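Listed below, chain by chain, are the residues.
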Amino acid sequence: MFRVALVPLALGLASAAGAADGVPYPDAWALETEAAAEAAVARLGADRSRNIVATTRGIVGLDLALGGGPRAIKATVADLKRAMADLGARESEIEVRIELPSDVLFDVDQADIRPDAAQALAHLGTVVRGYTGPVRLVGHTDADGSDAHNLDLSRRRAESVQAWLVAKESVAAARIATEAKGETEPVAPNDTPANKQRNRRVEVVVRKR
Amino acid sequence: MKPISTVFAVVALALLAGPAPAQSPAPAAPLASQETNWPGVTAHLTEFRRKGNTLTAKLRLGADAKSKFEVDYSEVYLMDAAAGKKYEVLKDDKGAYIAATREGWPEKNYGDLEAGQSVLLWMKFPAPPADVKTISLSLPNMPPFDDVAIQD
């Protein structure tokens, strides 16, 4: 009696398992799955792909602004992490802080961005675009020169970084505010070349949202 | 007899339940891997094969810690940025995605993963033209797999 009852029960289980685990396509390479996929493609006809321009307008706009070709639109989480690490960024719950050494960005007593600063500023662009909040650029100098000269230099340098981010890194100008501190907020005493170098900087504060 | 029937009924119900995440036996070396935003879960792309008019992608989600995952196939696509084309997961004539779906959920898969567990996902797309040799695969909650070489 018991064995007789087992047979139909076992058959029932096999049949149920064969009914595809309750999902339509349990196996990627089963004949039924491949047939369904081919039929689906046939139904799509010429519409088997969609035009990215029509569906992701914002991304295409960024692509064009960056001028870097299609690959430039893909900034991933990994890219953002790498850029932040390269810049020595400090991150809190609400903001990211980066100190860009002026010696990397500018020639002595100049406010024009050096060509070899492009990579650092590209990383900065990646970080800024990775968040949606406002950005503050604060220029600082060492204590060489007059207060007025240093204040003006720090202002022009902060504005140069702002202009670069807008023109080259597709950051909206309205997101960025600049400040000039001149020599008033040193991070080290202006007593050695190394300390002076630390004081010559553009501080970047990116609010996360 | 009645207790025995009850036991079999329980066994039958357990077997009929949806596919649970399981330990993967000796997984193949992945073609590419990505961290995900599911804590402790890494996505490994293990197959990316064009056959006939379709392209099949297989992924293994592996967990280092207890976590959940959920993949809605409406958010999964291939992107050929150079050609400006996007390919979405195929659906059958009943509207079900031709993919590893969860029982009762023809549009997605989801579940819990214990530390050390993994789950296999797969999905089929229309195949890009034969001259397209690499393409990017995007899934929710993780960075895209960029420029993956298509296996022909």
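What you are looking at is a predicted structure, and each value in this text was computed from that prediction instead of being measured.

Peer 1: Got a minute to help me understand the environment of Trp164(A) in this structure?
Peer 2: Residues and elements named next belong to chain A. Structurally, Trp164 is set in helix α8 (residues 147–169). Each C-alpha atom, one on Trp164 and one on Gly125, is 9.2 Å from the other, the two residues being 39 residues apart in sequence. Ignoring sequence-local partners within four residues, the contact set of Trp164 consists of Ile113, Ala118, Leu121 and Glu169.

Peer 1: I would appreciate a short explanation of the nonpolar core in the present structure.
Peer 2: Considering soluble globular proteins, one finds that nonpolar side chains tend to be buried as a cluster. In terms of nonpolar packing, the biggest core is built from 42 residues, with Phe48(B), Leu61(B), Tyr73(B), Met123(B) and Leu137(B) touching the most fellow members. Setting aside its immediate chain neighbours within four residues, Met123(B) contacts Leu55(B), Thr56(B), Ala57(B), Leu59(B), Tyr73(B), Val76(B), Val89(B), Ile98(B), Ala99(B) and Leu139(B). If you look at the next biggest cluster of nonpolar residues, it comprises 28 residues, including Val96(A), Phe106(A), Leu137(A) and Trp164(A).

Peer 1: What is the right way to look at the pairing of strand β4 (residues 67–72) of chain B in this model?
Peer 2: Look at any regular strand and the pattern is simple: side chains alternate between the two faces of the sheet. Residue and element names in this part refer to chain B. Here β4 shows one buried face, formed by Ser67, Phe69 and Val71, and one open face, formed by Lys68, Glu70 and Asp72. Pairing of β4 with strand β7 (residues 108–113) involves six bridges; the strand directions are antiparallel. Of the residues in β7, the one forming a bridge with Ser67 is Leu113.

Peer 1: For this particular structure, what's the right way to read α8(A)?
Peer 2: Two residues of an α-helix separated by three or four positions point the same way, owing to the 3.6 residues in each turn. Residue and element names in this part refer to chain A. If you check α8, its first and last C-alpha atoms are 32 Å apart, about what 23 residues at 1.5 Å a residue would give, namely 33 Å. Buried residues of α8: Asn150, Leu153, Ser154, Arg157, Ala158, Ser160, Val161, Gln162, Trp164, Leu165 and Glu169, and no others. Residue Ser170 follows α8 closely and has a positive phi angle near 55 degrees.

Peer 1: Any chance you could explain the packing of helix α5 (residues 77–87) of chain A against helix α7 (residues 118–129) of chain A here in plain terms?
Peer 2: Between two packed helices, both the angle of their axes relative to each other and the distance between the axes serve to describe the pair. Residues and elements named next belong to chain A. Close contact between α5 and α7 brings their axes to 9 Å; oriented N to C, the two are set at 130 degrees. It follows that α5 is oblique to α7 by the angle criterion. Between α5 and α7 lies a crossing whose hand is left-handed. Residue-level contacts link Asp79, Leu80, Ala83, Met84, Asp86 and Leu87 of α5 to Ala120, His123, Leu124, Thr126 and Val127 of α7. Its residues assigned to classes, the contact of α5 with α7 comprises seven nonpolar, two polar and two charged.

Cut-offs and rules
Residues numbered from 1 in each chain as written. Chains lettered and ligands numbered in written order. Predicted model: local features only at pLDDT ≥ 70, side-chain atom pairs only at ≥ 80, totals over all residues. Heavy atoms only, no water. Helix = DSSP H or I, 4+ residues; strand = E, 2+ residues; numbered from the N terminus. Contact = heavy atoms within 4.5 Å. Core = buried A, V, L, I, M, F, W, Y, C linked by side-chain atoms within 4.5 Å. Buried < 20%, exposed > 50% of the residue type's maximum accessible area, 1.4 Å probe, protein only. Pairing = 2+ DSSP bridges. Expected span 1.5 Å × (residues − 1). Axes fitted to C-alpha atoms, helices over the stretch in contact; angles between N-to-C directions. Parallel < 35°, antiparallel > 145°, perpendicular 65-115°, else oblique. Left-handed = near helix turned anticlockwise from the far one by under 90°. Nonpolar A, V, L, I, M, F, W, Y, C, P; charged D, E, K, R; others polar.

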